Amino acid sequence: MKKRSLLAALLSVALLLGAAPASAQTTVLRVSAIPDEAPTELQRKFKPLGDYLQKKTGLTVQFTPVTDYAAVVEGLANNKIDLAWLGGFTFVQAKLRTDGKALPIVQRAEDEKFTSKFIVPAASPIKSLADLKGKTFAFGSPSSTSGHLMPRYFLIRDGIEPDRDFKAVAFSGAHDATVAFVAAGRAEAGVLNASVMDKLAESGNPNAAKVRVLATTPPYYDYNWTVRPGLDAALTKKLTQAFLELDPANPEHKEILDLQRASKFIPTQASNYDGIEAAAVAAGLIKP
């Protein structure tokens, strides 16, 4: 009886601490994504993909939005998230935070040569990046690859130090928010993910109609899907195959790919993001 009482007490403590029973851990796939767009848009983009992964894995897919980029990194490191959509810089942070154990499994073909777009109001007299000196400027999130790190890196490489040369620097928090900042005159220029800018323009977004593209960065590696340290190897393989099997010739799959703005998914590896890490060190955003 004493053993049973002790077991019951330990179970109660575990439940109070939020520990899930082992069976729940093997039946639920916990997924999240960096909040680089509005939460409603992230949910819309993920729903068909989540349904597809549920069919492919036999697991209940649970998507949990977060409020900032750091929360996704911590979720992977602390076994709260199994699979996450990360930007290149966020992956580097997750890799460093988990001693290299967070594993990128796939990326979109488009992520091999990703770019960022600098924008200004449509009627702005600004004609070049050099003209941005002395102006107010909006980045996305501090941890964004395409909305902060790589644009900052390329600006510095071109002799423009944002913290010194811009009149003021703001962080909008997300790519679509950056467009809104510039369109509303809250910043005289900004920079964001090229894919989001294209999507907003294609959809007739009113803010996108009020800005124009000033310049586009050189290409770099960006987004990927990453699994947490210690995720079952068989499940990791199953997830990887599920992404690789998405076929644009299949109407159901094409809907998923279109929402992800992907022509297809391809395998990836941690070394693809060594350049992102080097850029982060050069820009002073992480210590070597």
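This one's a predicted model, so the numbers in the text were calculated from it and none came from an experiment.

Peer 1: Mind laying out the packing of aromatic side chains, listing which residues take part and the relevant values?
Peer 2: Tallied over the full model, the rule gives 16 aromatic pairs. Among the aromatic residues, those joined into a cluster by ring pairs are Phe-46, Phe-63, Trp-85, Phe-114, Tyr-153, Phe-154, Tyr-220, Tyr-223, Trp-225, Phe-243 and Phe-265. Here Arg-186 stacks its cationic end above the ring of Phe-181, 3.9 Å away from the centre of that ring.

Peer 1: Tell me about helix α5 (residues 88-97), and name the residues and values.
Peer 2: In terms of burial, α5 is largely enclosed, as seven of its ten residues are buried. Within α5, burial applies to Gly-88, Phe-89, Thr-90, Phe-91, Val-92, Ala-94 and Lys-95. On its buried face, α5 sits against α4 (69-77), β3 (83-86), β4 (103-108), α6 (145-157), β10 (224-227) and α12 (274-282). Residue Asp-99 follows α5 closely and has a positive phi angle near 55°.

Peer 1: Tell me about the nonpolar core, residues and numbers included.
Peer 2: Most often, soluble globular proteins have nonpolar side chains that are buried together. Counting residues in each nonpolar core, the largest one holds 51 residues, and the members touching the most others are Leu-49, Leu-53, Leu-83, Trp-225, Leu-239 and Phe-243. Residues contacting Leu-239, with those up to four places away along its chain left out, are Leu-29, Leu-53, Thr-57, Leu-83, Ile-105, Val-227 and Leu-231. Core analysis: the next-biggest nonpolar cluster, separate from the first, contains 14 residues, Phe-118, Phe-137, Leu-155 and Ala-215 among them.

Peer 1: Quick rundown of the packing of helix α8 (residues 175-183) against helix α9 (residues 194-202)? Include the residues and the values.
Peer 2: Interhelical geometry of α8 versus α9 gives an angle of 65° and a closest axis separation of 9 Å. The hand of the α8/α9 crossing is right-handed. For the pair α8 and α9, the contacting residues are His-175, Asp-176 and Val-179 in the first and Val-196, Met-197 and Leu-200 in the second. When grouped by side-chain class, the residues that make up the contact of α8 with α9 number four nonpolar, one polar and one charged.

Peer 1: For the pattern of salt bridges, give the residues involved together with the corresponding values.
Peer 2: A pair can form between side chains of opposite charge whenever their charged atoms are brought close. Overall, the coordinates contain 18 salt bridges when judged by the stated rule. The residue Asp-82 makes a salt bridge to Arg-30 at a minimum N-O spacing of 2.8 Å. Of the two residues, Asp-82 is situated in the loop between α4 and β3 and Arg-30 in strand β1 (residues 28-33); the sequence distance between them amounts to 52 residues. Residues Glu-277 and Lys-95 are paired through a salt bridge, measuring 2.7 Å at the closest nitrogen-oxygen approach. Of this pair, Glu-277 sits in helix α12 while Lys-95 sits in helix α5; the two residues are 182 residues apart in sequence, bridging distant segments of the chain. A relative accessible area of 17% means that Lys-95 is categorised as buried. Ionic contacts of the salt-bridge type, sharing partners, join the residues Glu-37, Glu-41, Arg-44, Lys-45 and Lys-199 into one network.

Peer 1: Please provide a residue-by-residue account of the environment of Glu-110, values included.
Peer 2: Along the chain, Glu-110 falls in the loop between β4 and β5 (116-121). For Glu-110, a relative accessible area of 29% gives the class partly exposed. Setting aside chain neighbours within four positions, we find Glu-110 in contact with Arg-261, Ala-262, Ser-263 and Lys-264. In this structure the side chain of Glu-110 is engaged in a polar contact, spanning 2.9 Å, whose partner is the side chain of Ser-263.

Cut-offs used in this document
Residues numbered from 1 in each chain as written. Predicted model: local features only at pLDDT ≥ 70, side-chain atom pairs only at ≥ 80, totals over all residues. Heavy atoms only, no water. Phe/Tyr/Trp six-rings, centres within 6.5 Å; stacked < 30°, edge-to-face > 60°. Lys NZ or Arg CZ within 6 Å of the ring centre and 35° of its normal. Buried < 20%, exposed > 50% of the residue type's maximum accessible area, 1.4 Å probe, protein only. Helix = DSSP H or I, 4+ residues; strand = E, 2+ residues; numbered from the N terminus. Contact = heavy atoms within 4.5 Å. Core = buried A, V, L, I, M, F, W, Y, C linked by side-chain atoms within 4.5 Å. Axes fitted to C-alpha atoms, helices over the stretch in contact; angles between N-to-C directions. Left-handed = near helix turned anticlockwise from the far one by under 90°. Nonpolar A, V, L, I, M, F, W, Y, C, P; charged D, E, K, R; others polar. Salt bridge = Lys/Arg side-chain N within 4 Å of Asp/Glu carboxyl O. Polar contact = N/O pair within 3.5 Å; in protein donor to acceptor, adjacent residues only side chain to side chain.

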